[in-house]
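Listed below are the residues making up each chain.
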There are 2 protein chains.
Amino acid sequence: MIIRDITVTPIAFRDPPLLNAVGLHEPLALRTIVQLHVEGGIVGLGEGSGGMDVADRLRQVADEVIGLNVFDLNGIEAAVNRVLGGDAGSLTRRERREVYAILDVAAHDAQGHLTGLPVSELLGGRVRDSVDYSAYLFYKYAGHPDPARSTDPADAAPDEWGAALDPAGIVAQARTLIERYGFSSIKLKAGVFPPEQEVAAMRALAEAFPGYPLRIDPNGAWSHETAVAVCAELGELLEYFEDPVLGIDGMAAVAREVERPLATNMCVVAFEHLPEAFAKDAVQIVLSDHHYWGGLRHTRELAAICGHWGVGVSMHSNSHLGISLAAMTHVAAATPELAYACDTHYPWNREDDIVRPGVLEIVDGAVAVPRAPGLGVELDPAALERQHQVFLDSGRTHRDDSGYIQQFQPDFSSTLPRF
Amino acid sequence: MIIRDITVTPIAFRDPPLLNAVGLHEPLALRTIVQLHVEGGIVGLGEGSGGMDVADRLRQVADEVIGLNVFDLNGIEAAVNRVLGGDAGSLTRRERREVYAILDVAAHDAQGHLTGLPVSELLGGRVRDSVDYSAYLFYKYAGHPDPARSTDPADAAPDEWGAALDPAGIVAQARTLIERYGFSSIKLKAGVFPPEQEVAAMRALAEAFPGYPLRIDPNGAWSHETAVAVCAELGELLEYFEDPVLGIDGMAAVAREVERPLATNMCVVAFEHLPEAFAKDAVQIVLSDHHYWGGLRHTRELAAICGHWGVGVSMHSNSHLGISLAAMTHVAAATPELAYACDTHYPWNREDDIVRPGVLEIVDGAVAVPRAPGLGVELDPAALERQHQVFLDSGRTHRDDSGYIQQFQPDFSSTLPRF
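Residues numbered from 1 in each chain as written. Chains lettered and ligands numbered in written order. Predicted model: local features only at pLDDT ≥ 70, side-chain atom pairs only at ≥ 80, totals over all residues. Heavy atoms only, no water.

K.L.:
Can you help me understand the relation of the copies chain A and chain B in this one?
P.N.:
The relation between the two copies of this chain is a rotation about an axis and a shift parallel to it. Under the fitted operation, chain A is carried onto chain B by 0.0 Å of movement along the axis and a turn of 180°, and the coordinates agree to an RMSD of 0.0 Å. Taken together, the rotation and translation relating the two chain copies correspond to the operation of a two-fold axis. The residues that chain A uses at the interface reappear at the interface of chain B in 100% of cases, marking a shared surface. (Least-squares fit on C-alpha atoms with pLDDT ≥ 70 in both. Contact = heavy atoms within 4.5 Å.)

K.L.:
Would you mind going over the nonpolar core with me for this structure?
P.N.:
Nonpolar side chains tend toward joint burial in soluble globular proteins. Membership of the largest hydrophobic core comes to 220 residues, with the highest contact counts inside it found for Leu205, Phe278 and Ile354 of chain A together with Leu205, Phe278 and Ile354 of chain B. Contact partners of Phe278 of chain B, with chain neighbours within four places excluded, come to Trp309 of chain A together with Val286, Ile305, Cys306, Trp309 and Val311 of chain B. Within the second largest apolar cluster, 30 residues are counted, among which are Leu58, Leu91, Ala106 and Ala107 of chain A. (Core = buried A, V, L, I, M, F, W, Y, C linked by side-chain atoms within 4.5 Å. Buried < 20%, exposed > 50% of the residue type's maximum accessible area, 1.4 Å probe, protein only.)

K.L.:
I tried to follow the interface of chain A and chain B on my own but got confused; where do I start?
P.N.:
One frequent convention defines the size of an interface as the accessible area lost when the parts assemble. Taken together, the contacts link 27 residues of chain A with 27 residues of chain B. Here chain A packs against chain B, burying approximately 2200 Å² in sum over the two surfaces, 60% of which is carbon and sulfur. In terms of surface lost to chain B, no three residues of chain A exceed Asn74, His308 and Trp309 of chain A, which account for 28% of the buried area on that side. For the interface between chain A and chain B, the tally reads zero salt bridges. The interface formed by chain A and chain B contains twelve residue pairs in polar contact (both at pLDDT 80 or more). Taken together, the elements giving at least two residues each to the side of chain A that touches chain B come down to α2 (73-84), α9 (274-279) and α11 (295-309) of chain A. Among the elements that line the side of chain A that touches chain B, the one with the most residues is α11 of chain A, at seven residues. When the residues that make up the side of chain A that touches chain B are grouped by side-chain class, the tally is 15 nonpolar, six polar and six charged. (Buried area = accessible area lost by both parts, 1.4 Å probe. Salt bridge = Lys/Arg side-chain N within 4 Å of Asp/Glu carboxyl O. Polar contact = N/O pair within 3.5 Å; in protein donor to acceptor, adjacent residues only side chain to side chain. Helix = DSSP H or I, 4+ residues; strand = E, 2+ residues; numbered from the N terminus. Nonpolar A, V, L, I, M, F, W, Y, C, P; charged D, E, K, R; others polar.)

K.L.:
Just to check I follow, could you spell out the domain arrangement of chain A for this structure?
P.N.:
Residues and elements named next belong to chain A. One can read the domain layout of chain A as domain 1 (3-120 + 381-393) and domain 2 (122-368). Computed from C-alpha coordinates alone, the two centres of domain 1 and domain 2 are separated by 23 Å. With 45 residues of domain 1 at the interface, the matching set in domain 2 holds 51 residues. Both sides together, the interface formed by domain 1 and domain 2 hides about 3900 Å², and carbon and sulfur atoms give 61% of it. Where domain 1 touches domain 2, the interface holds three salt bridges. Arg97 is the partner of Glu272 in a salt bridge, and the nearest nitrogen-oxygen pair spans 2.7 Å. Here domain 1 is connected to domain 2 by 23 residue pairs in polar contact (both at pLDDT 80 or more). (Domains from an automatic or database assignment.)

K.L.:
What exactly am I supposed to notice about the sheet that holds strand β11 (residues 262-264) of chain A here?
P.N.:
Residue and element names in this part refer to chain A. Spatially, β7-β8-β9-β10-β11-β12-β13 is the arrangement adopted by the seven strands of the open sheet, whose pairing is parallel. Every interior strand has two partners, whereas the edge strands, β7 (135-138) and β13 (312-315), have only one. Sheet twist, expressed as the average angle between the axes of neighbouring strands with direction ignored, equals 25°. Here β7 pairs with strand β8 (residues 186-189) via four bridges, running parallel. (Pairing = 2+ DSSP bridges. Axes fitted to C-alpha atoms, helices over the stretch in contact; angles between N-to-C directions.)

K.L.:
Looking at this model, I keep getting lost on the side chain of Ser288 of chain A. Mind explaining?
P.N.:
Checked against the element boundaries, Ser288 of chain A lands in strand β12 (residues 285-288). Those residues in contact with Ser288 of chain A that lie beyond four places of it in its chain are Trp293, Thr299, Leu302, Val313, Ser314, Met315 and His316 of chain A.

K.L.:
I'm lost on the sheet that holds strand β4 (residues 28-38) of chain A in this one. Help?
P.N.:
In sheet architecture, strand pairing relies on hydrogen bonds along the backbone and comes in two forms, parallel and antiparallel. Residue and element names in this part refer to chain A. If you trace the three strands from one edge of the open sheet to the other, you get β1-β4-β5, paired in antiparallel fashion. Looking at strand neighbours, the two that pair on one side only are β1 (3-14) and β5 (42-49), the edges of this open sheet. The mean inter-strand angle of the sheet, taken between neighbouring strand axes irrespective of direction, is 20°. Two strands pair when backbone bridges link them, and β1 and β4 are joined in this way by eleven bridges, in the antiparallel orientation. Opposite Ala12, over in β4, you have Leu30 as the bridge partner. Across the sheet, helix α1 (residues 52-65) is in contact with β1, β4 and β5; its angle to β1 comes to roughly 170°. Relative to β5, helix α3 (residues 93-115) is tilted by about 150°, and along the sheet it contacts β1, β4 and β5.

K.L.:
Would you take a moment to explain the state of the cysteines for this structure?
P.N.:
Defined simply, a disulfide is a covalent bond joining two cysteines at their sulfur atoms. Residue and element names in this part refer to chain A. Inspection of the entire model under this criterion finds zero disulfides over all chains. The closest cysteine sulfur to the non-disulfide-bonded Cys342 is located on Cys306, 13 Å from its own sulfur. Given a relative accessible area of 0%, Cys342 falls into the buried group. (Disulfide = S-S within 2.5 Å.)

K.L.:
I would appreciate a short explanation of the packing of helix α2 (residues 73-84) of chain B against helix α3 (residues 93-115) of chain B in the present structure.
P.N.:
All names here are of chain B. It is at 10 Å that the axes of α2 and α3 come closest, and there the two elements cross at 155°. By the angle class used here, α2 and α3 are roughly antiparallel. Along this stretch, α2 crosses α3, giving a crossing that reads as right-handed. Judged by residue contacts, Leu73, Ile76, Glu77, Val80, Asn81 and Leu84 of α2 engage Arg96, Val99, Tyr100, Leu103, Asp104, Ala107, His108 and Gln111 from α3. Its residues assigned to classes, the contact of α2 with α3 comprises eight nonpolar, three polar and three charged. (Parallel < 35°, antiparallel > 145°, perpendicular 65-115°, else oblique. Left-handed = near helix turned anticlockwise from the far one by under 90°.)

Shown next, in the form of structure tokens:
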């Protein structure tokens, strides 16, 4: 059960021109794939944050992780902290957890193959047979602008989703997602247009999809006054109100004035933030994300803590592929405290997936928890090589939504709050 | 990996006449042993609180647990909560966790046998190769009084330990324990004699064993004023000060006036207590105990929470035998947050153990973490039957330290605080 080798593969895959408070998704999203080779020919798969930094950090820790037992998660985590937490140029705890998380997922996958158990069983057992996801709506351009041809995104050739730049476009996008995947709750990534337009989009969604739980997430783009006013206007329409403003104190101030529960994946993103956030009653729901909370075991731990403090648990997503979706599904399945549909970007990115298709279909808005050993997904080596080549050809090293939108809107400022 | 049967065996074993704030240990301590029979001939061992109530509760839940996968800890816990948490006569969460904990240990043992892994690996990996325990000193009579012969404990025939009723007796007891087991930290169960005598015992210990970390635990027998005065007198001698007074508010008030960290296994004994206790800074160290925190996985969870809130972690013990010592050792080994020697009653009770000897020796004050699959201990069926017969013959159904001492001291009152 000893880890014999670690293969780190940075990849890039196509991403639509999705808008958010700090800019625009670039044409390629980045991700890092890990293959943990364990004695006996077992390979565990991990996926996490992309870019050269993460790949370099994983390679830095590899020597210390090779030789450990794949069940020794404490040992793997300690190795990451030892190598990356040293004196000179040491990383923050969150940066280290992001690296560890990828290894944690791969270790769980390998553990499952070694024991014949699905990862959800290794995490304490499946409390649900399928995991609900929400329709994750974005304002978007019709397609990626081609700076060589025009600096006006309105001139871009449309992709299969088309534009969503007003309430009608958002409702049309929701309809497409719901028709394809059967989602029964909806989240709008906001903070892009003036709040009144985004409120109108939410009202249009409520009218088009009566009874659907709705969430709005402006990523801290609003002032206190805007946040309170939007929440008053939308009122009972909102299942929860995600990151209307920045910071624990800002969220606490809004929480005191609104009726709806506040959720966050911005001001509470590490265990170090919990004591203050809970003491100030700043958030009523924490969005877990195993990629930055330190893997699957620590995500269970986060959920348990939230349960004990009477704080709700939902799940955040970034652009991701199938290994992550499988990991999200397993940990969600083993988390009794989870009471909301999880976020996922998978419909936006799945065409370039590097696992073989079939296991991770979203049906009736949910992914059935894989019952095969480990994560239950199988790597497609040709697809991995293809997306690695895309990464190499791109010359990209990190994500930069703000820099990208400034190519087309030179006066764009990512300073928040904006409205 | 399906659970096919559960054998519940209440046992009793000899216990010396150890004094505490609410009375005297009876001649027999009670415990419950579970054998979880898993398909394939695997048997997982669990040990926990004794008495007829616990055995009956385990038998009540057996039908709902049989048929579950032994890795499905969430399912086993839900079954316990479903059966024992119903409307009429439902148990408290803590009572349910006490029942679940025994099954949790047995399930982990079985998981280890199924996978070939020691329980410490199933819990995330060994961060230490051996677990330190402290010398656990008690005021005690020379032997158990025989009410048929005399109501004066001074007339009792001495057991192998002899009396410890003054500072010299306590130092002699410490010397015996340290000579036999090599302990390098010391805890005194106090709250028995007037505080000045117990302070004198601590001073005598400090003189006899210079440099040894010392702890005192009066189990809430002291008033606020007494607690503050004792802490001021003992000052730097104390590694920590355990449950000087009762209740979260009481502990918080003492904490505000003393320099030493306060520890508890009395006012914070369930996850529900953590938010208030931490908000009030009532305790600086929580004594974990998998028997009432809901098993091994939840003990890891408790330790992680304490780590995130900057609260220390130590480990509490009640009278127990080898299955529990093995479980304590495995979970302690997998708990990076643990920074103190754990408590154990094992030296007082080990002669009647129901596991085969050899694995759990305390050497240099520590137990080596077993490397065999599961808990690493083997049941001795003849010993189990022997101690079960002792239980049946005793007619005992529950522990009653106060009722026992009142046989000899009819005016004894267990009302606290006493001093």
